[in-house]
Structure formats: C-alpha cells, structure tokens
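Inside the fold
Here's the letter readout for the chains.
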Amino acid sequence: MSSHQDLITGLIHHPYQPPDSWDAVPPGVFKASTVIFPSVAALRSRVYSAKTGYTYGLRGTPTTFLLEERLATLEGGTHCILSPSGLAGVMTVNLGLLKSGDEVLLPSNVYGPSSDMAASVLAGWGITHQLYDPMNPADLAARISARTRLVWVEAPGSVTMEFPDLTGLIAAARAKGVLVALDNTWGAGLAFRPFDLGVDISMHALTKYPSGGADVLMGAVITRDEALHLRMLKVHGQLGLGVAANDAEFILRALPSMPLRYHAHDASARELAAFLGRQAVVKQVLHPALPGSPGHAHWAATCTAAAGLFSVMLDPALPGTKVDAFVDALRLFKIGYSWGGPVSLVVPYDLNAMRTDRSALPGHLVRFSIGLEAVADLQADLAQALVALA
Ligand SMILES: *Cc1c(COP(=O)(O)O)cnc(C)c1O
C-alpha cells in the first residue's frame, strides 16, 4: 500500500476516539443521513418507531430525540414528532388521521394556510371539510356527522383573536367520539395545559416562541396516545418530513429562555394594547386578556398568560390609504408575517377576504406582534405613527 493510499483511507477510518467523558451545557448536535449499525443483527432488529436505537437520519438522531422529549414535557404530552414547519405539522396530523371519504372540521378563524390546505390538498384527496363557529360549541356539535374524524381547535383564533370555550368545543367532539387536535402555537405550552383540557393532539409551530429568533421554521406534533402517535409517525416518515440538526440545535438553545421571553412579550403587549385602546381612532382592541375582547371570559377561565399578539379595529370611516400610511409610518415595528421573535411586527389584514361572516367586526384590522424592544420606545413609535390617522 502506498503512503498516499494509507493517508486517504486513514483520514476516513482513523483509529483515534475522543474520550467519552464530555459534559457541557449545550446538548450535542448530531448530523447524519447514514447511521452505522454494529452488526447485521442490529440492522435487522432495530425498529425506527421505538426510540431505543437509530436507523437513519430521517428517523431521528440524539439531537432530534432530545428536542422531542423536551417539547413533550413542555406541552404535557408523552410523544412528539418534529416537522420542518408548523404547516408541515398540520399536514402530518391531517394525513396521519384522515383518509378519502372522511371529514375534518375547522374553526372559521383557523390559521389561514390550514384552511387553504383543507380546501385544496385535502379536497383533492377526497377529504371534505367544514368551517364551524368557534364561539358556539352547539354549531360544532351540529356539524359532526358519521364521516367526521377530526376537529381542529385554535385558541385564540388567528388574526381576529377570539378566545373560544375550549372545554365546550372539546366536549362536543368527544361526545361523538371524534378526535381533537389543537393548534397550540399561541399558548406555546405556557398559557394553559392542553392535555388537561382533553385534546388528543397539540400542534405547535416552533417557528414562533420556541425559536424566538425569527430564523428557524419547525413544527411539533405532540400526543399522549401512543397509537395515534404511531399513525402520524408512519405518514411523517413516508412523506420524508425530517428536520435539520442545526435547526433543532437553535430550538434547543432557545427553549430555556422561552418562559421569560413569553412573559415579557405578554406584559408589553397588554400595555400597548391598552394604550391603543385609549385612542379615538381605535374602535376595538382584540386581545383575549383585555376585558371587552371576544372570548375574554373563556381566556380568563383557561389561561394564566397571553403571548404577545393582538389586533385592533380602526374606525371604518377612515380611508384604507390612511391605514396603510399609519403602518408605513411605523419605524420599530416592521411589516411582516409570523411572530415570536425579538422584533415587533405589524400587518394590516383585509377581513373581507378572510372571513365569510365579519359583521361583528366593522373597520380596518391591524395586527401587532410585540417583540422584546423597550415598551416605552414601542409606545412612542405607535404615537408618532398615529399622526398619519389624524
Ligand atoms: C405560524 C403558524 C403556523 C405555521 O407555522 P409555520 O412554521 O410558519 O409553517 C400554524 N399555526 C399558527 C397558529 C401559526 O401562527
């Protein structure tokens, strides 16, 4: 063997093994497609769905298993599946639990891309859906049929922020033996205990508070039911929905500070929502923790915290151009989707295009996601931009 030959193979099959006594604050970041088995017997006996061994990078690594366990603990579940976005988590639930001929029920204020998915992808595969009134459990109960296999609940509703009677909605579904999946992105495992309320599945867009950096897209599907978990895990693996190790690393790094960040976002948001509520052009503040907001009593009965999101309804008499000028005049608030990061965000929404019945909310809706800036600076920014509405 030439020395060159020894070198190139030696660089790959080098005998040195570092000592195994390493211990440090951050967990290790393990990256792999191939997982090496010690023997043919090990290759043949390992089962990917049991977390007792490793089979292939897509099926999990020490890094992703660790994140899954921590997220299951956060939400009060026992099993967790990571997906490459929150929306992929929604898809994992839908495709794991629904088949052609089934029906799924969604709240009319569900996260927009979730209803788009039902109306296009699911419909194309013969899975029908209906929208129910999230503020009326009797409406949900009346829509459940022999074909209904899954009910999604979300608290509060997307953009319009109504907080539903979760207990009533879950009871209506359970009374007819239908599974309940919660989109728990807003609650984040911190505002209330989803499994104590009786949901079967909690889906969490880690893109928001668990990431906290506006830099990672990821989702988690958590349950206490092993059979449900295995049904969803099978589809998840077949669709190839793995997550990258460095993305998991970012979430693991940010999770310990999430409770502190969540409560800071919450405190600032309540203060700024109250400030805006005192402005004459603001006809209504939609923040579940503030009295007068739709579903406030349900929020108070269910939650101990409230995230950093709220919307306001501006005077319907204002021309839309002025509302746009107000949003454009904000300096610290950046215009953009998503939430949970350090930078405050703002988006004007066209409710006419989003809701079939919007009679309860006349006017222009503007949604704010409150970041981690000093609240006095954010209030000053809102005050200077409000001049555009005068
Ligand atoms: C952001 C979000 C999602 C989707 O998460 P992505 O990671 O952006 O795909 C789902 N539900 C809610 C309520 C969200 O806010």
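A quick note: this is a predicted structure, and the numbers were derived from the prediction, not measured.

Side note on the domain arrangement of the chain
With domains assigned, the chain is organised as domain 1 (40–257) and domain 2 (258–389). In this structure, domain 1 and domain 2 have C-alpha centres spaced 27 Å apart. The partner domain 2 presents 34 residues to the 34 residues of domain 1 that form the contact. In total, about 2,800 Å² of surface goes out of reach between domain 1 and domain 2, with carbon and sulfur atoms giving 66% of it. Contact with domain 2 buries surface across domain 1, with Val-159, Trp-186 and Tyr-209 losing the most and accounting together for 28% of the total. Taken together, domain 1 and domain 2 are joined by 0 salt bridges. Here domain 1 and domain 2 share 11 residue pairs in polar contact (both at pLDDT 80 or more) between them. Of the residues in the side of domain 1 that touches domain 2, the class split is 20 nonpolar, 11 polar and 3 charged.

What about empty space enclosed by the protein?
If you walk through the whole model with that rule in mind, you get 2 cavities of 30 Å³ or more. In this structure, the largest cavity spans a volume of roughly 230 Å³. Forming the boundary of the largest cavity are 20 residues, of which Leu-58, Arg-59, Gly-60, Glu-68 and His-236 lie nearest the centre. Here the element with the most residues in the lining of the largest cavity is helix H8 (residues 226–238); it accounts for 4 residues. By volume, the second largest cavity is sized at about 40 Å³. In this structure, the second largest cavity is lined by Val-90, Asn-94, Leu-106, Val-110, Ser-114, Trp-152, Glu-154 and Asp-183. Broken down by secondary-structure element, the contributors of at least two residues to the lining of the second largest cavity are helix H4 (86–97) and strand S4 (148–154). When its residues are assigned to classes, the lining of the second largest cavity shows 4 nonpolar, 2 polar and 2 charged.

Rules and cut-offs
- Residues numbered from 1 in each chain as written.
- Predicted model: local features only at pLDDT ≥ 70, side-chain atom pairs only at ≥ 80, totals over all residues.
- Heavy atoms only, no water.
- Domains from an automatic or database assignment.
- Contact = heavy atoms within 4.5 Å.
- Buried area = accessible area lost by both parts, 1.4 Å probe.
- Salt bridge = Lys/Arg side-chain N within 4 Å of Asp/Glu carboxyl O.
- Polar contact = N/O pair within 3.5 Å; in protein donor to acceptor, adjacent residues only side chain to side chain.
- Nonpolar A, V, L, I, M, F, W, Y, C, P; charged D, E, K, R; others polar.
- 1 Å grid on protein atoms, 1.4 Å probe; cavity = no way out; pocket = protein on both sides within 12 Å on 5 of 7 lines; lining within 4 Å.
- Points joined across faces, edges and corners; volume = space filled by probe spheres on them.
- Helix = DSSP H or I, 4+ residues; strand = E, 2+ residues; numbered from the N terminus.

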